[in-house]
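An overview of the molecular structure
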Amino acid sequence: MNTTIKRFFYFTLGPVAGALVSFITIPLTTYFVSPEEYGKASMFILVQTLLTAYLYLGFDQAYTREYHEQSDKRYLIQNAMFVPLLIAMGLSSVCLLFRASIADFLFYDSKAVVPVILLCVSMFTLVFERFFLLSIRMKEQAARYSLLTFIIKLFILIVTLVCILLGKRDFSVIIYGTLIGQILGDLFIIAFCARFLNFKHFSLDRKLIKKLWFFGFPISIAFSIDTIFNTSDRFIIGIFSNYAELGLYMAAFKIAALLKIVQSSFTSFWIPMAYRWQKEQKQIIYFQLVADGVTALFACLFLLILLFKNVVSLVFTAAYADMIYIFPFLCFVPILYTISETTTLGIVFSRKTYLNIYVSIGAVLTNVTLAVSLVPNLGAKGAALSIGISYFIYYLLRTILSNKQWEGIRMTKQLSTIGILLTAGFYNTFFVDYSWVVNSLLLLIVIIIYFPLIKKLFLLKKKGGSLAIYSDQKDY
């Protein structure tokens, strides 16, 4: 048990350190860049996100699934990267061919092609970053993984500072800081993991690539739809509202990023361990304990952030003040995604990854329908409300479909908790008076609900980490 906690602690270090760096970067960019320019830069980053959705084609997820099945790790990673690198070549060629048109569409300036060129370079480095970090993560080398992810954030901060010192005050500060910093960080990771680039005995294994394809492609389709799901609200703000509202919306996401720290730490730690537990044929009670523990943790963190939201808002300038009413529902993105990572295991264990397509379609239809209905009247608030509700549908579909494939996670306690969080999100978005009282009361209710779980965890520690005493689900 101590080893597990230690590993989780090291996996947490990178995201926490990265978040601290981001909280230096955020005030810098929001101080010097107006919400409208911030929104313009955000639209470019969205394009990068959309392209990345088609970059890996699910081979990254297939790589993690096959990691413990293949003895030659270098042989596996080189074959797994082959197709994504080909895709990067194709996408970058198209972007370079239409660079002037892309620049004109995003920045209203056909001569602003440097960001497009940097985007093409970043697609290649992102492939290496993704697979090399996955390799380190699957080895459960938590400290090394955290260090390398932190270095990327550090490079982004350094390049952003350089841009500001050079006198830039427009969207280019964010774009150059993000892309050049990302590329420099990726080059460091590539140099650190150079052993994987030894192609002396490399051979293209068509059988292995086919196996990776069959597992990864359905995930890729689902992930592509997920990306549309996660970006459609921002495009809808751009169409039905304006770049100023989009700038506020994206700045509000920076507060939600506080919870993304825990999301990143947990998923980096959890996925390899879940596969290992499945191979060891661990009882369902282990998975249930993690699922409920994660739900309790996120519920408390969310309500604490709401309690101190006015303090968090001091990080931003007065021009971004209204985002305090936008961020609550945006927090449901990391919250419900992470909780669903503990309940969706039946899909990946059964290899029925095509079920993710149904999940993604349900979520994206919900998000687009709600956003188109709410954004014209509520602006960024409406977009936040739509994405929050859509992520609840996402969690619900993932869990229900997963539970049909294995013994499954019981949902009653999770659904009750999520209901409390939705109530808190709605109140803090549309009401001002007595929010501190409401948030405190809801936090107390959550603590009462999970007090028995805390007692069991304490007893578990005293028993040396054995869950034998909870082998009966009724006791839990």
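Placed above this text is the structure.
Residues numbered from 1 in each chain as written. Predicted model: local features only at pLDDT ≥ 70, side-chain atom pairs only at ≥ 80, totals over all residues. Heavy atoms only, no water.

Now for the overall build of the protein. Scanning the protein for helices and strands turns up 19 helices and 0 strands. Expected size for 476 residues packed as a compact globule is a radius of gyration near 23 Å; at 22 Å, the protein falls within 12% of this value. Viewed in the frame of its principal axes, the protein has a C-alpha envelope of about 65 × 65 × 40 Å. Here the analysis covers contacts within the protein between residues at least 6 apart in sequence; of these, 83% occur between residues at least 24 apart. Put simply, the protein shows about 20,600 Å² of open surface, and 67% of that area lies on carbon and sulfur atoms. (Helix = DSSP H or I, 4+ residues; strand = E, 2+ residues; numbered from the N terminus. Rg over C-alpha atoms; globule rule 2.2 N^0.38 Å. Contact = heavy atoms within 4.5 Å. Areas by Shrake-Rupley, 256 points an atom, 1.4 Å probe, with all protein chains shown as cover.)

Two elements in contact, helix α3 (residues 59–66) and helix α4 (residues 73–97), have axes whose closest approach is 9 Å; the angle formed by their N-to-C orientations is 165 degrees. Regarding the angle of α3 to α4, the classification is roughly antiparallel. As α3 packs across α4, the resulting crossing turns out to be right-handed. Each of Phe 59, Tyr 63 and Glu 66 in α3 lies in contact with α4, whose residues at this interface are Leu 76, Ile 77, Ala 80, Val 83 and Pro 84. Its residues assigned to classes, the contact of α3 with α4 comprises 7 nonpolar, no polar and 1 charged. (Axes fitted to C-alpha atoms, helices over the stretch in contact; angles between N-to-C directions. Parallel < 35°, antiparallel > 145°, perpendicular 65-115°, else oblique. Left-handed = near helix turned anticlockwise from the far one by under 90°. Nonpolar A, V, L, I, M, F, W, Y, C, P; charged D, E, K, R; others polar.)

When their charged atoms lie close together, side chains carrying opposite charge are able to pair. One pass over the full model with this rule turns up 6 salt bridges. Across the pair Asp 60 and Arg 130 runs a salt bridge whose closest N-O atoms are separated by 2.9 Å. Remark: Arg 130 occurs in helix α6 (residues 114–138) and Asp 60 occurs in helix α3; sequence separation between them is 70 residues. Residue class for Asp 60 comes out buried when judged on its relative accessible area of 5%. (Salt bridge = Lys/Arg side-chain N within 4 Å of Asp/Glu carboxyl O. Buried < 20%, exposed > 50% of the residue type's maximum accessible area, 1.4 Å probe, protein only.)

Considering all chains together, one arrives at 0 disulfides under this definition. With no disulfide of its own, Cys 331 lies closest to Cys 300 among cysteine sulfurs, the gap being 14 Å. Taking relative accessible area as the criterion, Cys 331 reaches 0% and is therefore assigned buried. (Disulfide = S-S within 2.5 Å.)

Counting 154 residues, the largest nonpolar core has Tyr 249, Trp 270, Phe 287 and Phe 302 as the members making the most contacts within it. Element by element, the count of residues in this core is highest for helix α10 (residues 243–279), at 20 residues. Discounting residues that sit within four places of it in the chain, Phe 302 has contacts with Leu 259, Pro 328, Cys 331, Phe 332, Ile 335, Leu 421, Ala 424 and Gly 425. (Core = buried A, V, L, I, M, F, W, Y, C linked by side-chain atoms within 4.5 Å.)

Turning our eyes to something else, we now look at the packing of α6 against helix α8 (residues 172–192). One can describe the packing of α6 onto α8 by two numbers: an axis separation of 9 Å at closest approach and a directional angle of 35 degrees. Where α6 crosses over α8, the handedness of that crossing is left-handed. Along its contact with α6, which presents Val 114, Pro 115, Leu 118, Leu 119, Val 121, Ser 122, Thr 125, Leu 126, Phe 128, Glu 129, Phe 132 and Leu 133, the element α8 presents Ile 175, Tyr 176, Leu 179, Ile 180, Gln 182, Ile 183, Asp 186, Ile 189 and Ile 190. Broken down by class, the residue content of the contact of α6 with α8 amounts to 16 nonpolar, 3 polar and 2 charged.

On to the side chain of Thr 125. Mapped onto the fold, Thr 125 is located in helix α6. Judged by its relative accessible area of 7%, Thr 125 falls in the buried class. If sequence neighbours within four positions are ignored, Thr 125 has contacts with Ile 183 and Asp 186.

Turning next to a nonpolar patch on the surface. A cluster of nonpolar residues, Phe 82, Leu 86, Met 89 and Leu 204, forms a patch on the protein surface that exposes about 340 Å² of accessible area. Among the structural elements, Phe 82 can be located in helix α4. Accessibility expressed as a relative area gives 31% for Phe 82, which makes it partly exposed. (Patch = residues over 30% accessible without salt bridge, like charges linked within 9 Å, V, L, I, M, F, W, Y side chains within 5 Å.)

What follows deals with the environment of Met 323. Looking at where Met 323 falls in the secondary structure, it is placed in the loop between α12 (309–312) and α13 (327–330). Setting aside chain neighbours within four positions, we find Met 323 in contact with Leu 248, Ala 251, Ala 252, Ile 255 and Phe 316.

Per the counting criterion, the structure on display carries 25 aromatic pairs. Taking the centre distance of 6.5 Å and the plane angle of 80 degrees together, the rings of Tyr 56 and Phe 131 count as edge-to-face. Here Tyr 56, found in the loop between α2 (35–53) and α3, pairs with Phe 131, found in helix α6; they are 75 residues apart in sequence, far enough to count as distant. Given the relative accessible area of 0%, Phe 131 is considered buried. Pairing Phe 426 with Phe 431 gives two aromatic rings, centres 6.4 Å apart and planes at 55 degrees, and the pair type is tilted. Taking relative accessible area as the criterion, Phe 426 reaches 40% and is therefore assigned partly exposed. Through successive ring pairs, a cluster of aromatic residues spans Phe 266, Trp 270, Tyr 275, Trp 277, Tyr 286, Phe 287, Phe 349 and Trp 406. Lying across the ring of Tyr 56, Arg 130 places its NZ or CZ 6.0 Å from the centre. Sitting over the face of the ring of Phe 196, Arg 195 holds its NZ or CZ atom 4.6 Å from the ring centroid. (Phe/Tyr/Trp six-rings, centres within 6.5 Å; stacked < 30°, edge-to-face > 60°. Lys NZ or Arg CZ within 6 Å of the ring centre and 35° of its normal.)

Here we come to unusual backbone geometry. In this structure, Leu 57 takes a positive phi of about 55 degrees despite not being glycine. Note that Leu 57 resides in the loop between α2 and α3. Residue classification places Leu 57 among the buried positions, given a relative accessible area of 17%. A positive phi angle, close to 60 degrees, is found at Gln 281, a residue other than glycine.

Moving on to the side chain of Thr 295. Within the fold, Thr 295 resides in helix α11 (residues 284–307). On the accessibility criterion, Thr 295 (1% relative accessible area) is buried. Leaving out residues up to four positions away in the same chain, Thr 295 has contacts with Ile 339, Gln 414, Thr 417 and Tyr 450.

Tracing the backbone shows Phe 316 in the loop between α12 and α13. A relative accessible area of 8% means that Phe 316 is categorised as buried. Phe 316 sits 287 residues away from Thr 29 along the chain, and the two C-alpha atoms are 9.5 Å apart. Look past the residues within four positions of Phe 316 in its chain and what remains in contact with it is Ile 26, Thr 30, Ala 251, Lys 254, Ile 255 and Met 323.

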